[in-house]
Amino acid sequence: MKVLVPVKRVIDYNVKVRVKADQSGVDLANVKMSMNPFDEIAVEQAIRLKEAGQAEEIIVVSIGVTKSQETLRNALAMGADRAILVEATDNVENDIEPLAVAKILKAIVDEEQPGLVLMGKQAIDNDMNATGQMLSALMGWPQATFASKVEIEGDRAQVTREVDGGLQVISVNMPCVMTVDLRLNEPRYASLPNIMKAKKKPMETKTPADYGVDVSPRLTIEKVEEPPARKAGVIVGSVEELVEKLKTEAGVL
Amino acid sequence: MAVLLLAEHDNETLNDATAKTVTAARAMGGDIHILCAGSGCGGVAEQAAKLDGVTKVLCATDEAYGHDMAEPLADLIIGLAGDYDHIVAPATTSGKNVMPRVAALLDAMVISDISAVHGPDTFERPIYAGNAMATVKSTDAKKVITVRGASFDAAGEGGSGTVEEIAAAANPGLSAWVEDKVVESDRPELTSAKRIVSGGRGMGSKENFEIIEKVADKIGAAVGASRAAVDSGYAPNDYQVGQTGKVVAPELYIAVGISGAIQHLAGMKDSKVIVAINKDEEAPIFQVADYGLVADLFDALPKLEAAL
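No experiment lies behind these values; they were computed from the predicted model shown.

### Here's the deal with the overall build of chain B
Along chain B, the regular secondary structure elements total 8 helices and 16 strands. For 308 residues, the compact-globule estimate of 2.2 N^0.38 gives 19 Å, and the C-alpha radius of gyration of chain B, at 21 Å, lies within 12% of that figure. C-alpha extents for chain B along the principal axes are approximately 60 × 40 × 40 Å. Across the 308 residues in chain B, those meeting the buried criterion constitute 58%. One way to put it: in chain B the 25 positive side-chain charges average out to a point 5 Å from where the 43 negative ones average out.

The following block contains the structure:
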């Protein structure tokens, strides 16, 4: 089976986010960018499936600016076999919405016929948590979201999902879309020889027009602001003083 | 103009997140109809009909809806969608699972996790783990939305909506529920608790984490944890408060041995009163705390337990 893994280039999770003064968005100029952490987990899971003999080929896809090829090279260095770059914008501040991404991915799935699409549950920039569910809907496939354990047996997969209050185990028909949660695995680092080898792995470049998809946004951004700051509090000297203040001043005990 | 609101429940009790979502829905305008889909959930429909502002409850009872499986639930909602301008659900794991699927089937862009309603088509939502707030305007004919419960007060219970039984949609048969592994506890549920005591990496071990539980039980609080504590194995996964865990907004949040990483703050900074206990006075958690105590937690916690 082929496994398709979409990956997104996002601001590195260690970078402090700064809102632009004109409220048009977040400052992305000269900021370190990396693969979305959830997508790294999806790539790792695909590689483990291949190592276990359950997958033959891993195709990674990224939809965004030309520089997303760095993210794809990273996935190839981890162990993916080939890459598709869909150049959808030349402005890094132009976030392609999950609905448009899902439509492009549907076209790629129709072409490549993977047995499984593995992807991160959400991107840490727009925090939408939507693309996997949307692709699954457009394909008419089942979805197994927020996966923390995956077992594939024949034409079904048993997936343990992280839900409010605990875990839910479901069984889905294959092919399906799985979105992965943080605890599914710990992604490997690419070794230097593999980074060198990745440079020779095939990478196709496409545009949304090749797939007949309009990527115009449905949501217009009116403004982006800093979240309201909390007022500085007080440092108390003892547990007794703390309890006293919580009772009388704050009135929460 | 009407809003279809997907109720969150366990087939017996209506989850508080539903009442909070009703408050958000009232700001969108129009009648509010609640969809109660479940297995033997008639009692939940009665509870939903009492919420202020709800004119009608649609109750769909079928085995297929008993465990919130996304595929049959989305098909049910799509069958009803024609009558509504807004389709909303709480931003619980269940709502986040099904609503993007609904949106894609309606060719609409889902608006996830909204924290404010500025009009029928304009909403505010956190991005970048709550480090920025975006105001977005939807150009879609139907708005499909999930609502962040921590940002809205629960609607009252003075309503008298009608309950109408509706037929189930055909089950596409793509998926099946196997089992739930829910942690049984006498403590309140994290996302709806009025008080929370959370422990971080500073707790040092799973055994030490029990001190947090003792303090929590003394004041009827839920127990939370930072991602560092969960990753270190001190606390179970579902205790995790933060951007990648649960977003909470209790009246009192006591953070013990938690440094205050951005990802944790994103999950609790809307709490009414925040208390931080940490031996490192430079810890960022003190910047959001209303009351800070610089102390060794193994010294402070037993004293706190005794004083409460």
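### Re the pairing of strand S8 (residues 132-138) of chain B
Summarising burial for S8 of chain B: 6 of the 7 residues are buried, a large majority. Strand direction decides the pairing type here: strand S12 (residues 219-225) of chain A and S8 of chain B, joined by 6 bridges, are antiparallel. Looking across to S8 of chain B, one finds that Ile221 of chain A is bridged to Val136 of chain B. Between strand S7 (residues 122-127) of chain B and S8 of chain B, which follow one another and run antiparallel, lie 4 residues, and Tyr128 of chain B among them has a positive phi close to 50°.

### Regarding the packing of helix H4 (residues 131-139) of chain A against helix H4 (residues 93-105) of chain B
When two helices pack together, their arrangement is given by the angle between the helix axes and by the axis-to-axis distance. Viewed as axis vectors pointing N to C, H4 of chain A and H4 of chain B meet at an angle of 50°, and their least axial separation amounts to 8 Å. By the angle between their axes, H4 of chain A is oblique relative to H4 of chain B. Taken as a pair, H4 of chain A and H4 of chain B cross one another with a handedness that is right-handed. Residue-level contacts link Gln133, Met134, Ser136, Ala137 and Leu138 of chain A of H4 of chain A to Lys96, Asn97, Pro100, Arg101, Ala103, Ala104 and Leu105 of chain B of H4 of chain B. Residues of the contact of H4 of chain A with H4 of chain B, tallied by class, amount to 7 nonpolar, 3 polar and 2 charged.

### Brief notes about the packing of aromatic side chains
For the coordinates displayed, the defined rule picks out 1 aromatic pair over all chains. The interplanar angle of 40° and the centroid separation of 6.4 Å between the aromatic rings of Phe209 of chain B and Tyr239 of chain B together place this pair among those described as tilted. With Phe209 of chain B in helix H5 (residues 206-218) and Tyr239 of chain B in the loop between helix H6 (227-231) and strand S14 (252-256), this pair connects stretches of sequence that are 30 residues apart. Each member of the pair, Phe209 of chain B together with Tyr239 of chain B, is buried. Directly above the ring of Phe146 of chain A sits Lys121 of chain A, whose terminal nitrogen or CZ lies 5.8 Å from the centroid.

### Concerning H4 of chain A
Since there are 3.6 residues in each turn of an α-helix, residues three or four apart along the chain are aligned in direction. Of all 9 residues in H4 of chain A, 8 are buried; the element is thus mostly enclosed. Of the residues making up H4 of chain A, those classed as buried are Thr131, Gly132, Gln133, Met134, Leu135, Ser136, Ala137 and Met139 of chain A.

### Structural notes on the confidence of the model for chain B
In this model, chain B carries an average pLDDT of 95, and 100% of its residues clear a pLDDT of 70 or more. Interface predicted TM-score (ipTM) for the complex: 0.95; the corresponding pTM is 0.93.

### Here we look at the nonpolar core
Residues Ile63 and Met134 of chain A together with Ile34 and Leu35 of chain B are the most contacted members of the largest nonpolar core, which totals 101 residues. It is helix H3 (residues 98-112) of chain A that provides the largest number of residues to this core, a total of 9 residues. Among all residues touching Leu35 of chain B, those that are not within four sequence positions of it are Leu4, Leu5, Leu6, Ala7, Leu58, Leu76, Ile77, Leu80 and Ile166 of chain B.

### Some remarks on the sheet that holds strand S4 (residues 86-90) of chain B
Where strands meet in a sheet, backbone hydrogen bonds hold them as pairs that are either parallel or antiparallel. All names here are of chain B. Strand order in the open sheet made by the 7 strands is S5-S9-S4-S1-S2-S3-S10, with parallel pairing throughout. The open sheet has two edge strands with one neighbour each: strand S5 (111-114) and strand S10 (162-166). Neighbouring strand axes in the sheet, compared pairwise and without regard to direction, differ in orientation by 25° on average. The pairing of S5 with strand S9 (residues 143-147) spans 2 bridges and is classified as parallel. Bridge pairing links Ile111 to Ile145 in S9. Contacting strand S1 (2-6), strand S2 (31-38), strand S3 (54-61), S4 and S9, helix H1 (residues 16-26) crosses the sheet at an angle of about 150° to S4.

### So, the sheet that holds strand S11 (residues 175-182) of chain B
Spatial strand order, S11(A)-S5(A)-S4(A)-S1(A)-S6(A)-S10(A)-S7(A)-S8(A)-S9(A)-S11(B): 10 strands in an open sheet with mixed pairing. Every interior strand has two partners, whereas the edge strands, strand S11 (203-206) of chain A together with S11 of chain B, have only one. Looking at each pair of strands side by side, their axes are set apart by 25° on average, direction ignored.

### Here we look at the environment of Ala64 of chain B
All names here are of chain B. By the element assignment, Ala64 lies in the loop between S3 and helix H3 (70-80). Taking the C-alpha atoms as reference, Ala64 lies 9.7 Å from Pro172; in sequence the two are 108 residues apart. Other than its neighbours up to four places away in sequence, Ala64 contacts Met69, Pro72 and Asn171.

### Notes on the pairing of S2 of chain B
All names here are of chain B. Counting buried positions along S2 gives 7 out of 8 residues, so the element sits mostly inside the fold. Taken together, the 5 bridges between S1 and S2 define a ladder with parallel strand orientation. Pairing of Leu5 across the sheet is with Ile34, part of S2. At this point the chain moves from S1, through H1, to the parallel S2, and the crossover so formed is right-handed.

### Things to note about the interface of chain A and chain B
Reports of interface size often rely on the accessible area that becomes lost once the parts have come together. Residue-level contacts link 77 residues of chain A with 82 residues of chain B. A buried area of about 6500 Å², summed over both sides, lies between chain A and chain B, and 57% of it is on carbon and sulfur atoms. For the chain A face of the interface with chain B, the top three residues by lost area are Arg183, Arg218 and Arg230 of chain A, together amounting to 11%. Seen at the junction of chain A and chain B, the total is 4 salt bridges. Of the charged contacts in the structure, one is a salt bridge between Lys103 of chain A and Asp107 of chain B, with a shortest N-O distance of 2.8 Å. Inspection of the region where chain A meets chain B yields 42 residue pairs in polar contact (both at pLDDT 80 or more).

### Observations concerning H4 of chain B
Residue and element names in this part refer to chain B. Between its first and last C-alpha, H4 extends 19 Å over 13 residues, near the 18 Å set by a 1.5 Å rise per residue. Within H4, 11 of the 13 residues are buried, which leaves it mostly tucked inside the rest of the structure. Regarding H4, the residues found buried are Thr93, Ser94, Gly95, Asn97, Val98, Met99, Pro100, Arg101, Val102, Ala103 and Ala104. Backbone geometry just downstream of H4 places Asp107 in the positive-phi region, at approximately 55°.

### Some points on the environment of Leu293 of chain B
Mapped onto the elements, Leu293 of chain B comes out in strand S16 (residues 291-294). Between the C-alpha atoms of Leu293 of chain B and Ala276 of chain B, which are 17 residues apart in sequence, the distance is 6.2 Å. The residues touching Leu293 of chain B, leaving out its near neighbours within four places in the chain, are Val236, Gly237, Ser238, Val239 and Leu242 of chain A together with Ala276, Ile277, Asn278, Phe286 and Ala300 of chain B.

Calculation rules
- Residues numbered from 1 in each chain as written.
- Chains lettered and ligands numbered in written order.
- Predicted model: local features only at pLDDT ≥ 70, side-chain atom pairs only at ≥ 80, totals over all residues.
- Heavy atoms only, no water.
- Helix = DSSP H or I, 4+ residues; strand = E, 2+ residues; numbered from the N terminus.
- Rg over C-alpha atoms; globule rule 2.2 N^0.38 Å.
- Buried < 20%, exposed > 50% of the residue type's maximum accessible area, 1.4 Å probe, protein only.
- Lys, Arg positive; Asp, Glu negative; His and termini not counted.
- Charge placed at Lys NZ, Arg CZ, Asp CG, Glu CD.
- Pairing = 2+ DSSP bridges.
- Axes fitted to C-alpha atoms, helices over the stretch in contact; angles between N-to-C directions.
- Parallel < 35°, antiparallel > 145°, perpendicular 65-115°, else oblique.
- Left-handed = near helix turned anticlockwise from the far one by under 90°.
- Contact = heavy atoms within 4.5 Å.
- Nonpolar A, V, L, I, M, F, W, Y, C, P; charged D, E, K, R; others polar.
- Phe/Tyr/Trp six-rings, centres within 6.5 Å; stacked < 30°, edge-to-face > 60°.
- Lys NZ or Arg CZ within 6 Å of the ring centre and 35° of its normal.
- pLDDT = per-residue confidence, 0-100.
- Core = buried A, V, L, I, M, F, W, Y, C linked by side-chain atoms within 4.5 Å.
- Right-handed = clockwise from strand over helix to strand, strands pointing away.
- Buried area = accessible area lost by both parts, 1.4 Å probe.
- Salt bridge = Lys/Arg side-chain N within 4 Å of Asp/Glu carboxyl O.
- Polar contact = N/O pair within 3.5 Å; in protein donor to acceptor, adjacent residues only side chain to side chain.
- Expected span 1.5 Å × (residues − 1).

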